[in-house]
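# Notes for the structure review
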Amino acid sequence: QDIEESFERIANAVKASERVRRSGVVDGHLSKDGEPEAVLFPQLPYIEEGNINSPAVLHRLEALGKHAQAEIDAVVSFGIGGSYLGGKVLFDVHCGEFWNSMSAEERNQYPRLYFSGNNVDGDRTEALIDQLCREAQAKGGNYKVMLIVISKSGSTIEPMSNFMVVEQGLREAGIDYEVIAVTDPHEGEKETLLHGLAVEKNWPIFSVPDGVGGRFSVFTEVGLIIGAVTGFAIREFLDGAKSMDEACQTGIVTENPALMNALLKYIAAEKYGRNIEIMMPYGDNLKSLSEWYVQLLAESLGKEQKDGSRYGRTPVVAVGTTDMHAQTQEHQEGRYNKIVSFVRIAKGKSDLGVPHIYDTYSKLAAFSGLPLHTIMNTALEANAEALTSDNRFNCTVELPQLNAFHLGEIMFMYCWAIFYEGQLAGVDAFNQPGVEVYKKLLGPKLAAHKEDK
Ligand code: PA5
(Lines give C-alpha, C1' and ligand atoms only; values in the text may rest on other atoms or scores of the structure.)
Protein backbone atom coordinates (compact mmCIF):
# COMPACT_ATOMS: atom_id res chain seq x y z
CA GLN A 1 0.00 0.00 0.00
CA ASP A 2 2.84 2.40 0.87
CA ILE A 3 4.45 1.63 -2.47
CA GLU A 4 1.17 2.17 -4.33
CA GLU A 5 0.79 5.57 -2.69
CA SER A 6 4.19 6.55 -4.09
CA PHE A 7 3.35 5.33 -7.57
CA GLU A 8 3.42 8.72 -9.28
CA ARG A 9 6.68 9.70 -7.63
CA ILE A 10 8.25 6.39 -8.71
CA ALA A 11 7.16 6.94 -12.31
CA ASN A 12 8.67 10.43 -12.26
CA ALA A 13 11.92 9.18 -10.71
CA VAL A 14 12.22 6.52 -13.40
CA LYS A 15 11.63 9.13 -16.12
CA ALA A 16 14.30 11.34 -14.52
CA SER A 17 16.74 8.42 -14.52
CA GLU A 18 16.12 7.82 -18.21
CA ARG A 19 16.71 11.51 -18.88
CA VAL A 20 19.97 11.73 -16.94
CA ARG A 21 21.30 8.68 -18.76
CA ARG A 22 20.33 10.11 -22.13
CA SER A 23 21.38 13.73 -21.70
CA GLY A 24 23.04 14.25 -18.30
CA VAL A 25 20.22 16.60 -17.35
CA VAL A 26 18.70 16.56 -13.87
CA ASP A 27 15.85 19.04 -13.54
CA GLY A 28 16.68 21.86 -11.17
CA HIS A 29 20.31 20.90 -10.63
CA LEU A 30 22.58 23.94 -10.64
CA SER A 31 26.31 24.25 -10.09
CA LYS A 32 27.85 26.26 -7.23
CA ASP A 33 27.79 29.28 -9.54
CA GLY A 34 24.06 28.87 -10.18
CA GLU A 35 24.52 27.52 -13.72
CA PRO A 36 22.80 24.36 -15.06
CA GLU A 37 25.33 21.53 -14.75
CA ALA A 38 25.43 18.07 -16.31
CA VAL A 39 25.29 14.97 -14.09
CA LEU A 40 27.51 12.37 -15.70
CA PHE A 41 28.01 9.58 -13.16
CA PRO A 42 25.78 7.15 -15.18
CA GLN A 43 28.37 6.93 -17.98
CA LEU A 44 31.31 6.08 -15.72
CA PRO A 45 31.16 2.27 -15.99
CA TYR A 46 31.41 2.46 -19.77
CA ILE A 47 34.97 2.57 -21.13
CA GLU A 48 34.27 4.16 -24.48
CA GLU A 49 35.83 6.71 -26.79
CA GLY A 50 34.46 10.15 -25.90
CA ASN A 51 33.41 9.07 -22.38
CA ILE A 52 35.05 10.26 -19.17
CA ASN A 53 36.55 6.79 -18.82
CA SER A 54 37.90 6.42 -22.36
CA PRO A 55 40.24 3.56 -23.34
CA ALA A 56 43.12 6.09 -23.21
CA VAL A 57 42.28 7.04 -19.61
CA LEU A 58 42.39 3.40 -18.52
CA HIS A 59 45.66 2.76 -20.37
CA ARG A 60 47.24 5.81 -18.75
CA LEU A 61 46.19 4.64 -15.30
CA GLU A 62 47.57 1.18 -15.99
CA ALA A 63 50.85 2.69 -17.21
CA LEU A 64 51.04 4.68 -13.97
CA GLY A 65 50.46 1.45 -12.04
CA LYS A 66 53.37 -0.24 -13.86
CA HIS A 67 55.57 2.78 -13.19
CA ALA A 68 54.67 2.67 -9.49
CA GLN A 69 55.42 -1.06 -9.41
CA ALA A 70 58.83 -0.57 -11.01
CA GLU A 71 60.06 2.69 -9.50
CA ILE A 72 58.15 3.68 -6.37
CA ASP A 73 58.58 2.51 -2.78
CA ALA A 74 55.79 4.48 -1.11
CA VAL A 75 52.83 6.54 -2.28
CA VAL A 76 51.26 9.28 -0.19
CA SER A 77 47.77 10.26 -1.37
CA PHE A 78 46.51 13.67 -0.25
CA GLY A 79 42.76 14.29 -0.41
CA ILE A 80 39.65 14.79 1.67
CA GLY A 81 35.93 14.07 1.32
CA GLY A 82 35.13 12.87 -2.17
CA SER A 83 38.81 13.15 -3.07
CA TYR A 84 39.70 10.55 -0.44
CA LEU A 85 36.86 8.30 0.66
CA GLY A 86 36.41 6.24 -2.53
CA GLY A 87 40.12 5.55 -2.94
CA LYS A 88 40.29 4.49 0.70
CA VAL A 89 37.60 1.86 0.08
CA LEU A 90 39.55 0.42 -2.87
CA PHE A 91 42.71 0.38 -0.78
CA ASP A 92 41.11 -1.30 2.24
CA VAL A 93 39.32 -3.95 0.22
CA HIS A 94 42.30 -4.77 -1.99
CA CYS A 95 45.24 -4.22 0.35
CA GLY A 96 43.80 -4.76 3.83
CA GLU A 97 45.21 -3.65 7.13
CA PHE A 98 48.74 -5.04 6.84
CA TRP A 99 49.75 -3.95 3.31
CA ASN A 100 52.37 -1.49 4.50
CA SER A 101 54.03 -4.12 6.70
CA MET A 102 54.32 -6.66 3.89
CA SER A 103 57.49 -7.20 1.90
CA ALA A 104 57.71 -5.81 -1.65
CA GLU A 105 57.40 -9.39 -2.98
CA GLU A 106 54.20 -9.95 -1.00
CA ARG A 107 52.86 -6.70 -2.46
CA ASN A 108 53.78 -7.90 -5.96
CA GLN A 109 56.27 -4.98 -6.04
CA TYR A 110 53.52 -2.39 -5.68
CA PRO A 111 54.45 0.43 -3.30
CA ARG A 112 53.32 1.00 0.25
CA LEU A 113 50.51 3.53 0.39
CA TYR A 114 49.64 6.14 3.02
CA PHE A 115 46.78 8.60 3.12
CA SER A 116 47.21 12.18 4.26
CA GLY A 117 45.32 15.45 3.88
CA ASN A 118 42.15 13.97 5.36
CA ASN A 119 42.64 16.22 8.37
CA VAL A 120 45.03 18.91 9.52
CA ASP A 121 46.66 17.03 12.37
CA GLY A 122 50.33 17.98 12.59
CA ASP A 123 51.12 15.04 14.91
CA ARG A 124 49.93 12.52 12.33
CA THR A 125 51.74 14.31 9.49
CA GLU A 126 55.00 14.44 11.42
CA ALA A 127 54.68 10.75 12.24
CA LEU A 128 54.13 10.05 8.53
CA ILE A 129 57.29 11.95 7.54
CA ASP A 130 59.21 10.04 10.23
CA GLN A 131 57.89 6.78 8.81
CA LEU A 132 59.00 7.69 5.27
CA CYS A 133 62.45 8.63 6.63
CA ARG A 134 62.68 5.28 8.45
CA GLU A 135 61.78 3.42 5.28
CA ALA A 136 64.34 5.39 3.25
CA GLN A 137 67.01 4.65 5.81
CA ALA A 138 66.11 0.96 5.96
CA LYS A 139 66.38 0.65 2.19
CA GLY A 140 69.69 2.48 2.22
CA GLY A 141 69.38 4.30 -1.10
CA ASN A 142 67.32 4.29 -4.27
CA TYR A 143 64.13 4.97 -2.24
CA LYS A 144 61.45 6.98 -4.02
CA VAL A 145 58.11 8.41 -2.94
CA MET A 146 55.14 9.35 -5.15
CA LEU A 147 52.99 12.19 -3.83
CA ILE A 148 49.48 12.09 -5.35
CA VAL A 149 47.64 15.34 -4.65
CA ILE A 150 43.90 15.06 -5.30
CA SER A 151 41.76 18.18 -5.21
CA LYS A 152 39.07 19.32 -7.62
CA SER A 153 39.18 22.92 -6.44
CA GLY A 154 42.96 22.67 -6.14
CA SER A 155 43.20 24.76 -3.01
CA THR A 156 41.46 22.78 -0.24
CA ILE A 157 43.24 23.49 3.01
CA GLU A 158 43.64 19.93 4.34
CA PRO A 159 45.28 18.21 1.35
CA MET A 160 47.26 21.24 0.20
CA SER A 161 48.68 22.11 3.62
CA ASN A 162 49.70 18.51 4.30
CA PHE A 163 51.18 18.14 0.83
CA MET A 164 53.34 21.22 1.38
CA VAL A 165 54.48 19.99 4.78
CA VAL A 166 55.32 16.47 3.52
CA GLU A 167 57.07 17.77 0.39
CA GLN A 168 59.19 20.05 2.53
CA GLY A 169 59.91 17.16 4.94
CA LEU A 170 61.11 14.95 2.06
CA ARG A 171 63.29 17.75 0.67
CA GLU A 172 64.90 18.32 4.06
CA ALA A 173 65.51 14.60 4.51
CA GLY A 174 67.00 14.35 1.01
CA ILE A 175 64.40 11.76 -0.07
CA ASP A 176 63.68 11.47 -3.79
CA TYR A 177 60.04 12.03 -4.77
CA GLU A 178 57.74 12.81 -7.66
CA VAL A 179 54.34 14.54 -7.67
CA ILE A 180 51.15 13.65 -9.52
CA ALA A 181 48.27 16.14 -9.53
CA VAL A 182 44.64 15.05 -9.79
CA THR A 183 42.49 18.12 -10.30
CA ASP A 184 40.00 19.98 -12.48
CA PRO A 185 41.42 19.73 -16.01
CA HIS A 186 40.40 23.22 -17.18
CA GLU A 187 43.00 25.67 -18.34
CA GLY A 188 42.73 29.43 -18.75
CA GLU A 189 40.20 31.41 -16.74
CA LYS A 190 38.85 28.37 -14.87
CA GLU A 191 42.27 26.87 -14.13
CA THR A 192 42.71 25.70 -10.54
CA LEU A 193 45.71 26.64 -8.47
CA LEU A 194 46.83 22.99 -8.41
CA HIS A 195 46.50 22.69 -12.18
CA GLY A 196 48.57 25.85 -12.69
CA LEU A 197 51.18 24.62 -10.23
CA ALA A 198 51.34 21.21 -11.93
CA VAL A 199 51.84 22.83 -15.33
CA GLU A 200 54.56 25.10 -13.92
CA LYS A 201 56.36 22.20 -12.24
CA ASN A 202 55.78 19.74 -15.07
CA TRP A 203 53.91 17.26 -12.84
CA PRO A 204 51.67 14.73 -14.64
CA ILE A 205 48.01 15.72 -14.36
CA PHE A 206 45.04 13.38 -13.97
CA SER A 207 41.46 14.63 -14.00
CA VAL A 208 38.66 15.28 -11.58
CA PRO A 209 36.13 15.43 -14.42
CA ASP A 210 33.28 17.89 -14.85
CA GLY A 211 29.83 16.59 -14.02
CA VAL A 212 30.92 14.09 -11.37
CA GLY A 213 30.65 15.18 -7.74
CA GLY A 214 33.33 14.08 -5.30
CA ARG A 215 31.07 11.47 -3.74
CA PHE A 216 30.57 9.74 -7.10
CA SER A 217 34.20 10.10 -8.19
CA VAL A 218 35.49 6.71 -7.04
CA PHE A 219 34.62 5.55 -10.58
CA THR A 220 36.88 8.24 -12.14
CA GLU A 221 40.63 8.81 -12.07
CA VAL A 222 40.15 10.21 -8.54
CA GLY A 223 39.45 6.77 -7.05
CA LEU A 224 40.90 4.57 -9.77
CA ILE A 225 44.38 6.08 -9.39
CA ILE A 226 44.61 4.55 -5.91
CA GLY A 227 43.61 1.23 -7.40
CA ALA A 228 46.12 1.59 -10.24
CA VAL A 229 49.14 2.15 -7.98
CA THR A 230 48.27 -0.82 -5.74
CA GLY A 231 47.35 -3.40 -8.40
CA PHE A 232 43.59 -3.33 -7.74
CA ALA A 233 41.53 -4.69 -10.69
CA ILE A 234 40.12 -1.37 -11.88
CA ARG A 235 38.52 -2.81 -15.03
CA GLU A 236 36.69 -5.49 -13.04
CA PHE A 237 35.53 -2.78 -10.64
CA LEU A 238 34.06 -0.80 -13.56
CA ASP A 239 32.58 -4.02 -15.00
CA GLY A 240 30.79 -4.57 -11.71
CA ALA A 241 29.44 -1.03 -11.85
CA LYS A 242 28.28 -1.67 -15.42
CA SER A 243 26.49 -4.85 -14.49
CA MET A 244 24.72 -2.99 -11.67
CA ASP A 245 23.91 -0.10 -13.98
CA GLU A 246 22.14 -2.51 -16.31
CA ALA A 247 20.16 -3.95 -13.41
CA CYS A 248 19.09 -0.46 -12.32
CA GLN A 249 17.45 0.60 -15.56
CA THR A 250 14.04 -1.02 -15.23
CA GLY A 251 11.05 0.84 -13.84
CA ILE A 252 9.81 -2.34 -12.13
CA VAL A 253 10.57 -1.64 -8.50
CA THR A 254 11.08 -5.22 -7.41
CA GLU A 255 13.60 -5.83 -10.19
CA ASN A 256 15.64 -2.65 -9.76
CA PRO A 257 17.80 -2.93 -6.61
CA ALA A 258 18.63 0.78 -6.42
CA LEU A 259 15.04 1.90 -6.91
CA MET A 260 13.83 -0.61 -4.33
CA ASN A 261 16.48 0.53 -1.87
CA ALA A 262 15.61 4.18 -2.40
CA LEU A 263 11.88 3.71 -2.19
CA LEU A 264 11.88 1.70 1.02
CA LYS A 265 14.19 4.21 2.70
CA TYR A 266 12.10 7.13 1.44
CA ILE A 267 8.91 5.57 2.81
CA ALA A 268 10.67 4.68 6.06
CA ALA A 269 11.69 8.31 6.48
CA GLU A 270 8.60 10.15 5.29
CA LYS A 271 5.92 7.84 6.65
CA TYR A 272 7.54 6.20 9.66
CA GLY A 273 10.01 8.87 10.81
CA ARG A 274 13.06 6.64 10.43
CA ASN A 275 15.52 9.47 9.89
CA ILE A 276 18.81 7.80 10.83
CA GLU A 277 20.64 5.17 8.81
CA ILE A 278 23.23 2.92 10.36
CA MET A 279 25.49 1.56 7.62
CA MET A 280 26.82 -1.68 9.08
CA PRO A 281 28.88 -3.91 6.82
CA TYR A 282 30.28 -7.04 8.47
CA GLY A 283 34.06 -7.20 8.01
CA ASP A 284 37.02 -5.15 9.18
CA ASN A 285 38.05 -4.01 5.70
CA LEU A 286 34.62 -2.58 5.04
CA LYS A 287 34.59 0.24 7.58
CA SER A 288 35.65 2.68 4.88
CA LEU A 289 32.74 1.53 2.69
CA SER A 290 30.53 2.72 5.50
CA GLU A 291 32.44 6.03 5.70
CA TRP A 292 32.13 6.50 1.94
CA TYR A 293 28.38 5.86 2.15
CA VAL A 294 28.04 8.36 4.98
CA GLN A 295 29.31 11.13 2.71
CA LEU A 296 27.19 9.96 -0.22
CA LEU A 297 24.02 10.01 1.84
CA ALA A 298 24.67 13.12 3.94
CA GLU A 299 25.90 15.42 1.18
CA SER A 300 23.34 14.23 -1.35
CA LEU A 301 20.09 14.15 0.59
CA GLY A 302 20.46 16.33 3.70
CA LYS A 303 18.91 19.51 2.30
CA GLU A 304 15.85 21.51 1.42
CA GLN A 305 13.03 19.87 -0.55
CA LYS A 306 11.25 21.54 -3.45
CA ASP A 307 8.34 22.50 -1.19
CA GLY A 308 10.66 24.20 1.32
CA SER A 309 10.59 21.45 3.96
CA ARG A 310 13.72 19.57 4.99
CA TYR A 311 14.89 16.09 4.11
CA GLY A 312 17.81 13.84 5.02
CA ARG A 313 18.78 10.85 7.11
CA THR A 314 21.65 11.11 9.55
CA PRO A 315 24.16 8.44 8.54
CA VAL A 316 26.10 6.51 11.16
CA VAL A 317 29.22 4.39 10.62
CA ALA A 318 29.12 0.94 12.17
CA VAL A 319 30.95 -2.32 11.58
CA GLY A 320 29.82 -5.80 12.49
CA THR A 321 30.44 -7.63 14.66
CA THR A 322 32.40 -4.88 16.48
CA ASP A 323 29.53 -2.45 16.97
CA MET A 324 27.13 -5.12 18.18
CA HIS A 325 29.04 -4.61 21.41
CA ALA A 326 28.60 -0.85 21.30
CA GLN A 327 25.63 0.40 19.26
CA THR A 328 23.27 -2.56 19.03
CA GLN A 329 21.66 -1.93 22.43
CA GLU A 330 20.38 1.39 21.11
CA HIS A 331 19.39 -0.02 17.72
CA GLN A 332 17.33 -2.70 19.48
CA GLU A 333 15.75 -0.72 22.31
CA GLY A 334 16.23 2.97 21.57
CA ARG A 335 13.86 5.21 19.62
CA TYR A 336 12.11 3.82 16.56
CA ASN A 337 13.84 6.40 14.40
CA LYS A 338 16.43 4.47 12.41
CA ILE A 339 17.07 1.87 9.77
CA VAL A 340 20.02 -0.49 9.82
CA SER A 341 21.68 -1.35 6.50
CA PHE A 342 23.72 -4.53 6.70
CA VAL A 343 26.25 -5.67 4.11
CA ARG A 344 27.03 -9.37 4.15
CA ILE A 345 29.83 -11.14 2.29
CA ALA A 346 28.52 -14.63 1.58
CA LYS A 347 31.90 -16.29 1.15
CA GLY A 348 34.98 -15.03 2.97
CA LYS A 349 38.46 -15.28 1.45
CA SER A 350 39.75 -17.13 4.47
CA ASP A 351 38.34 -20.43 5.66
CA LEU A 352 40.18 -20.18 8.96
CA GLY A 353 38.23 -22.05 11.61
CA VAL A 354 38.29 -22.07 15.40
CA PRO A 355 40.38 -25.09 16.47
CA HIS A 356 39.17 -27.69 18.94
CA ILE A 357 41.85 -26.91 21.50
CA TYR A 358 39.71 -26.18 24.55
CA ASP A 359 36.79 -28.55 24.07
CA THR A 360 36.66 -29.31 27.77
CA TYR A 361 35.21 -25.80 28.19
CA SER A 362 31.68 -26.12 26.87
CA LYS A 363 31.33 -22.38 26.12
CA LEU A 364 34.42 -22.49 23.88
CA ALA A 365 33.51 -25.89 22.41
CA ALA A 366 30.18 -24.33 21.31
CA PHE A 367 31.90 -22.42 18.50
CA SER A 368 35.00 -24.60 18.02
CA GLY A 369 35.14 -26.19 14.58
CA LEU A 370 33.29 -23.28 12.95
CA PRO A 371 34.92 -21.01 10.37
CA LEU A 372 35.33 -17.44 11.67
CA HIS A 373 33.43 -16.16 8.64
CA THR A 374 30.45 -18.36 9.51
CA ILE A 375 30.44 -16.99 13.03
CA MET A 376 30.48 -13.43 11.67
CA ASN A 377 27.64 -14.02 9.22
CA THR A 378 25.58 -15.88 11.78
CA ALA A 379 25.97 -12.92 14.12
CA LEU A 380 24.63 -10.69 11.33
CA GLU A 381 21.62 -12.96 10.83
CA ALA A 382 20.90 -12.96 14.55
CA ASN A 383 21.19 -9.17 14.68
CA ALA A 384 18.82 -8.72 11.73
CA GLU A 385 16.30 -11.19 13.13
CA ALA A 386 16.36 -9.55 16.54
CA LEU A 387 15.69 -6.12 14.99
CA THR A 388 12.91 -7.46 12.76
CA SER A 389 11.22 -9.13 15.74
CA ASP A 390 10.54 -5.67 17.16
CA ASN A 391 9.65 -3.86 13.92
CA ARG A 392 13.12 -2.30 13.72
CA PHE A 393 13.61 -1.60 10.00
CA ASN A 394 16.67 -3.25 8.49
CA CYS A 395 17.88 -4.62 5.19
CA THR A 396 20.77 -6.84 4.16
CA VAL A 397 22.68 -6.45 0.90
CA GLU A 398 24.68 -9.57 0.16
CA LEU A 399 27.80 -9.82 -2.02
CA PRO A 400 28.75 -13.35 -3.13
CA GLN A 401 32.35 -12.47 -2.23
CA LEU A 402 34.45 -9.38 -1.65
CA ASN A 403 36.24 -8.66 -4.92
CA ALA A 404 36.62 -5.72 -7.30
CA PHE A 405 33.60 -6.71 -9.40
CA HIS A 406 31.13 -6.99 -6.54
CA LEU A 407 32.55 -3.88 -4.88
CA GLY A 408 31.86 -1.98 -8.11
CA GLU A 409 28.33 -3.38 -8.09
CA ILE A 410 27.43 -2.36 -4.57
CA MET A 411 29.00 1.10 -4.77
CA PHE A 412 27.23 1.85 -8.05
CA MET A 413 23.96 0.52 -6.64
CA TYR A 414 24.20 3.06 -3.82
CA CYS A 415 24.95 5.87 -6.33
CA TRP A 416 21.76 5.07 -8.22
CA ALA A 417 19.80 4.59 -4.98
CA ILE A 418 20.79 8.09 -3.92
CA PHE A 419 19.77 9.44 -7.32
CA TYR A 420 16.34 7.79 -7.06
CA GLU A 421 15.80 8.89 -3.48
CA GLY A 422 16.71 12.48 -4.38
CA GLN A 423 14.03 12.35 -7.06
CA LEU A 424 11.44 10.77 -4.76
CA ALA A 425 12.11 13.33 -2.02
CA GLY A 426 12.40 16.33 -4.35
CA VAL A 427 15.94 17.34 -3.44
CA ASP A 428 18.91 18.12 -5.67
CA ALA A 429 21.21 15.20 -4.82
CA PHE A 430 24.13 16.71 -6.72
CA ASN A 431 24.94 19.96 -4.94
CA GLN A 432 26.20 20.69 -1.42
CA PRO A 433 25.52 24.37 -0.65
CA GLY A 434 25.55 23.64 3.09
CA VAL A 435 29.31 23.10 3.19
CA GLU A 436 29.96 26.61 1.86
CA VAL A 437 28.63 28.32 4.99
CA TYR A 438 31.48 27.40 7.35
CA LYS A 439 34.03 27.87 4.57
CA LYS A 440 33.06 31.54 4.33
CA LEU A 441 33.78 31.93 8.05
CA LEU A 442 37.00 29.91 8.08
CA GLY A 443 38.97 32.17 5.69
CA PRO A 444 38.65 35.36 7.77
CA LYS A 445 39.31 33.42 11.00
CA LEU A 446 42.60 32.04 9.63
CA ALA A 447 43.54 35.52 8.37
CA ALA A 448 42.98 36.86 11.90
CA HIS A 449 45.39 34.23 13.28
CA LYS A 450 48.05 35.39 10.84
CA GLU A 451 47.56 39.00 11.94
CA ASP A 452 47.87 37.93 15.63
CA LYS A 453 51.26 36.46 14.83
O1 PA5 B 1 32.09 15.77 -2.32
C2 PA5 B 1 32.66 16.83 -2.31
O3 PA5 B 1 32.49 17.68 -3.20
C4 PA5 B 1 33.60 17.19 -1.21
O5 PA5 B 1 33.67 16.21 -0.25
C6 PA5 B 1 34.99 17.40 -1.80
O7 PA5 B 1 35.38 16.24 -2.46
C8 PA5 B 1 35.98 17.77 -0.73
O9 PA5 B 1 35.57 18.93 -0.08
C10 PA5 B 1 37.35 17.99 -1.33
O11 PA5 B 1 37.30 18.99 -2.29
P12 PA5 B 1 38.43 19.17 -3.35
O13 PA5 B 1 38.47 17.95 -4.19
O14 PA5 B 1 38.04 20.38 -4.13
O15 PA5 B 1 39.72 19.37 -2.61
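Bear in mind that the values here come from a model prediction, so they are computed numbers and not experimental data.

Counting buried positions along strand 3 (residues 144-151) yields seven of eight residues, so the element is predominantly enclosed. Pairing of strand 1 (residues 74-78) with strand 3 involves five bridges; the strand directions are parallel. Considered in strand 3, the bridge of serine 77 is made with isoleucine 148. Examined bridge by bridge, strand 3 and strand 4 (residues 176-183) share eight bridges and lie parallel to one another. Within strand 4, the residue paired with methionine 146 across the bridge is glutamate 178. Assessed by its sense of winding, the connection that carries the chain from strand 3 through helix 6 (residues 157-173) to strand 4 is right-handed.

Time to look at the site of the ligand. Taken together, 14 residues surround the ligand, and among them Gly81, Gly82, Ser153, Thr156 and Gly214 come closest. When the residues that make up the shell around the ligand are grouped by side-chain class, the tally is two nonpolar, nine polar and three charged.

Okay, the environment of proline 185 next. In this structure, proline 185 sits in the loop between strand 4 and helix 7 (193-201). Given 16 C-beta atoms within 10 Å, proline 185 falls into the partly exposed group. Taking C-alpha positions, proline 185 is 10.0 Å from glycine 196, a pair spaced eleven residues apart along the chain.

What follows covers the UniProt feature "active site" (unreviewed entry) in the chain. The positions UniProt marks with the feature "active site" (unreviewed entry) are Glu299, His325 and Lys439. In three dimensions, the annotated residues from a span of 141 residues occupy distinct locations, with a maximal C-alpha spread of 36.9 Å. Among the structural elements, glutamate 299 can be located in helix 11 (residues 287-301). A tally of 23 C-beta atoms within 10 Å means that glutamate 299 is categorised as buried.

A large share of strand 1 lies buried, amounting to five of its five residues. Side-chain alternation along strand 1 places Ala74, Val76 and Phe78 on one buried face and Val75 and Ser77 on a second face that is also buried. Relative to strand 2 (residues 112-116), strand 1 runs parallel, the two being bridged by five bridges. Across the sheet, alanine 74 pairs through a bridge with arginine 112, a residue of strand 2.

Turning to the nonpolar core, a few remarks are in order. Ile148, Val182 and Ile225 are the most contacted members of the largest nonpolar core, which totals 109 residues. Among the elements that make up this core, the one with the highest residue count is helix 15 (residues 404-425) (16 residues).

Right, let's talk about the sheet that holds strand 4 for a bit. Taken together, five strands build an open sheet; the order of strands is 2-1-3-4-5 and the sheet is parallel. Each edge of the sheet is formed by a strand with only one pairing partner; in this case those strands are strand 2 and strand 5 (205-207). Taking the axes of each pair of neighbouring strands and ignoring which way they run, one obtains an average angle of 20° across the sheet. Relative to strand 5, strand 4 runs parallel, the two sharing three bridges. Residue valine 182 lies in a different strand from strand 5, and its bridge partner there is phenylalanine 206.

Quick look at unusual backbone geometry now. For the bond from glycine 320 to threonine 321, the omega torsion is 5°, close enough to zero to count as cis. Along the chain, threonine 321 falls in the loop between strand 7 (314-317) and helix 12 (328-333). The phi dihedral of asparagine 108 falls on the positive side, at around 55°, and the residue is not glycine. Structurally, the position occupied by asparagine 108 is in the loop between helix 4 (85-95) and strand 2. Here asparagine 108 falls in the exposed class, since 10 other C-beta atoms lie within 10 Å of it. For asparagine 391, which is not glycine, the phi torsion reads 55° and is therefore positive. With respect to the helices and strands, the residue asparagine 391 is situated in the loop between helix 14 (372-388) and strand 9 (394-401). According to the C-beta neighbour criterion, asparagine 391 is exposed, with 8 such atoms within 10 Å.

We now examine the packing of helix 11 against helix 15. Direction vectors running N to C along helix 11 and helix 15 enclose 20°, while the axes themselves pass 10 Å from each other. With respect to helix 15, the element helix 11 is oriented roughly parallel. Along this stretch, helix 11 crosses helix 15, giving a crossing that reads as right-handed. Contacts between helix 11 and helix 15 involve Tyr293, Leu296, Leu297, Ser300 and Leu301 on the former and, on the latter, Tyr414, Ile418, Glu421, Gly422 and Ala425.

For the pair helix 2 (residues 7-23) and helix 15, interaxial distance at closest approach is 9 Å and the crossing angle is 130°. On the basis of the axis angle, helix 2 is oblique to helix 15. Pair helix 2 / helix 15 crosses with right-handed handedness. Of helix 15, the residues touching helix 2 (which contributes Arg9, Asn12, Ala13, Ala16 and Ser17) are Phe419, Tyr420, Gln423 and Leu424. Grouping the constituent residues of the contact of helix 2 with helix 15 by class yields five nonpolar, three polar and one charged.

Calculation notes
Residues numbered from 1 in each chain as written. Predicted model: local features only at pLDDT ≥ 70, side-chain atom pairs only at ≥ 80, totals over all residues. Buried ≥ 20, exposed ≤ 12 C-beta atoms within 10 Å, placed from the backbone. Helix = DSSP H or I, 4+ residues; strand = E, 2+ residues; numbered from the N terminus. Pairing = 2+ DSSP bridges. Right-handed = clockwise from strand over helix to strand, strands pointing away. Near = placed C-beta within 6 Å. Nonpolar A, V, L, I, M, F, W, Y, C, P; charged D, E, K, R; others polar. UniProt positions renumbered as here; feature names shortened; annotations may be inferred. Core = buried A, V, L, I, M, F, W, Y, C linked by C-beta atoms within 7 Å. Axes fitted to C-alpha atoms, helices over the stretch in contact; angles between N-to-C directions. Parallel < 35°, antiparallel > 145°, perpendicular 65-115°, else oblique. Left-handed = near helix turned anticlockwise from the far one by under 90°. Contact = placed C-beta atoms within 7 Å.

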